[in-house]
Amino acid sequence: MIIAVDGPVAAGKGTLARSLAAELNLAYLDTGSIYRAVGAKILDKGEDPGDPVAALAAAESLGPADLERRDLRREKVGLAASTVAVNTQVRAALLEFQRNFAQNPPDLPGGAAAGAVLDGRDIGTVVCPEAELKFFVTATPEARAERRHKELIERGDESIYARVLQDLQDRDARDSQRVTAPLKPADDAVYLDTSTLEAGKVLETALDIVRAKGL
Ligand code: CDP
């Protein structure tokens, strides 16, 4: 079973995908961390995330340790990620790893996984168009900015709400307007608006949909 979870910045994709994985015995892949890792590598070298040569070199040299970096959730890394994510060749270079994860999910600590859940922007449309279930998670920009602002403060990063809201809107615009694999719901996606729902309720709603589908 493959479940796709897509949506804009800080909509609650990761929280939902991680809990679905735990509930349903699925392997979980946060595909945003892959784009963030490419962005972080470029920033380390003082290179421009908009430089296609630097971006492709970083994508092609990505290793497992890059995905474990502790600074991936930083705002500046997210912005660099959305810049490299516009690049068609970068996206192509990262596609096979994501598809392979979905089709051959790694074992979980307790044994074999029953499938995979991936979250990102193009999982239902490009990476796994064959997914049995596709969620498109949304919330108002203000609710999302509030959440991200809190998350950054809790992690000890500096954060200014107005700046977070602006960055989030810039990143959504870039993600939605790019030519290759833009952020958009798959035709058969189920919408979940998390603006006023706490995480537990979102999970409950999603699990009801999983069961209603007989999965
Ligand atoms: O967690 P948040 O919503 O802030 O973002 P993320 O999922 O970590 O993704 C970071 C950036 O990577 C996004 O703004 C996208 O530009 C890019 N991305 C993408 O293009 N395709 C994906 N499947 C996942 C992320």
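Residues numbered from 1 in each chain as written. Predicted model: local features only at pLDDT ≥ 70, side-chain atom pairs only at ≥ 80, totals over all residues. Heavy atoms only, no water.

A closer look at the site of the ligand
Okay, step 1: Around the ligand, 19 residues are found, and the nearest of them are Arg36, Arg91, Arg148, Arg171 and Asp175.
Okay, step 2: Between the ligand and Ala10, the relevant distance is 3.0 Å, taken from an oxygen atom to a main-chain nitrogen or oxygen of the residue.
Okay, step 3: In this structure, an oxygen atom belonging to the ligand sits 2.7 Å away from a side-chain N or O atom of Arg148.
Okay, step 4: Starting from 540 Å² of accessible surface for the ligand in isolation, the protein chains cover 98%. (Near = heavy atom within 4 Å. Polar contact = N/O pair within 3.5 Å; in protein donor to acceptor, adjacent residues only side chain to side chain. Areas by Shrake-Rupley, 256 points an atom, 1.4 Å probe, with all protein chains shown as cover.)

A word on the sheet that holds strand S4 (residues 133–138)
Okay, step 1: Here we have five strands laid out as an open sheet, ordered S2-S3-S1-S4-S5, and parallel in their pairing. One side of each edge strand has no neighbouring strand; the edge strands of this open sheet are strand S2 (27–30) and strand S5 (190–193). Taken over all neighbouring pairs, the strand axes of this sheet differ in orientation by 20° on average, direction set aside.
Okay, step 2: Bridge count between strand S1 (residues 2–6) and strand S3 (residues 116–120): five bridges; the pairing is parallel. Looking at S3, one finds that Asp6 is bridged to Gly120.
Okay, step 3: Taken strand by strand, helix H2 (residues 31–44) contacts S2 and S3, and its axis lies near 40° from that of S2. (Pairing = 2+ DSSP bridges. Helix = DSSP H or I, 4+ residues; strand = E, 2+ residues; numbered from the N terminus. Axes fitted to C-alpha atoms, helices over the stretch in contact; angles between N-to-C directions. Contact = heavy atoms within 4.5 Å.)

Topic: the layout of surface pockets
A water-sized probe rolled over the atoms picks out the places where empty space is left.
Okay, step 1: For the largest pocket, the calculated volume is near 770 Å³.
Okay, step 2: Together, 39 residues line the largest pocket, and Ala10, Lys13, Gly14, Arg73 and Arg148 are the ones closest to its centre.
Okay, step 3: Listing elements by their share of the lining of the largest pocket, those giving two or more residues are helix H1 (13–24), S2, H2, helix H5 (75–84), S3, helix H8 (141–154), helix H9 (161–177) and helix H10 (199–212).
Okay, step 4: Tallying contributions element by element places H1 first for the lining of the largest pocket, with six residues.
Okay, step 5: For the lining of the largest pocket, the class distribution of residues is twelve nonpolar, ten polar and 17 charged.
Okay, step 6: Roughly 290 Å³ of internal volume is contained in the second largest pocket.
Okay, step 7: In terms of lining, the second largest pocket is formed by Arg74, Glu75, Lys76, Leu79, Leu152, Asp157, Glu158, Ser159, Ile160, Arg163, Val164 and Asp167.
Okay, step 8: Mapped onto the lining of the second largest pocket, the elements with two or more residues apiece are H5 and H9.
Okay, step 9: For the lining of the second largest pocket, the per-class residue count stands at four nonpolar, one polar and seven charged. (1 Å grid on protein atoms, 1.4 Å probe; cavity = no way out; pocket = protein on both sides within 12 Å on 5 of 7 lines; lining within 4 Å. Points joined across faces, edges and corners; volume = space filled by probe spheres on them. Nonpolar A, V, L, I, M, F, W, Y, C, P; charged D, E, K, R; others polar.)

Notes on the packing of H2 against helix H3 (residues 52–60)
Okay, step 1: It is the contact of H2 with H3, at a shortest axis distance of 9 Å, that shows an interaxial angle of 120°. What the angle tells us is that H2 and H3 run oblique. In the packing of H2 onto H3, the handedness of the crossing is right-handed. Facing Val38, Lys41 and Ile42 of H2, the residues of H3 in contact are Ala54, Ala55, Ala58 and Ala59.
Okay, step 2: Looking at the contact of H2 with H3 residue by residue, the classes come out as six nonpolar, no polar and one charged. (Parallel < 35°, antiparallel > 145°, perpendicular 65-115°, else oblique. Left-handed = near helix turned anticlockwise from the far one by under 90°.)

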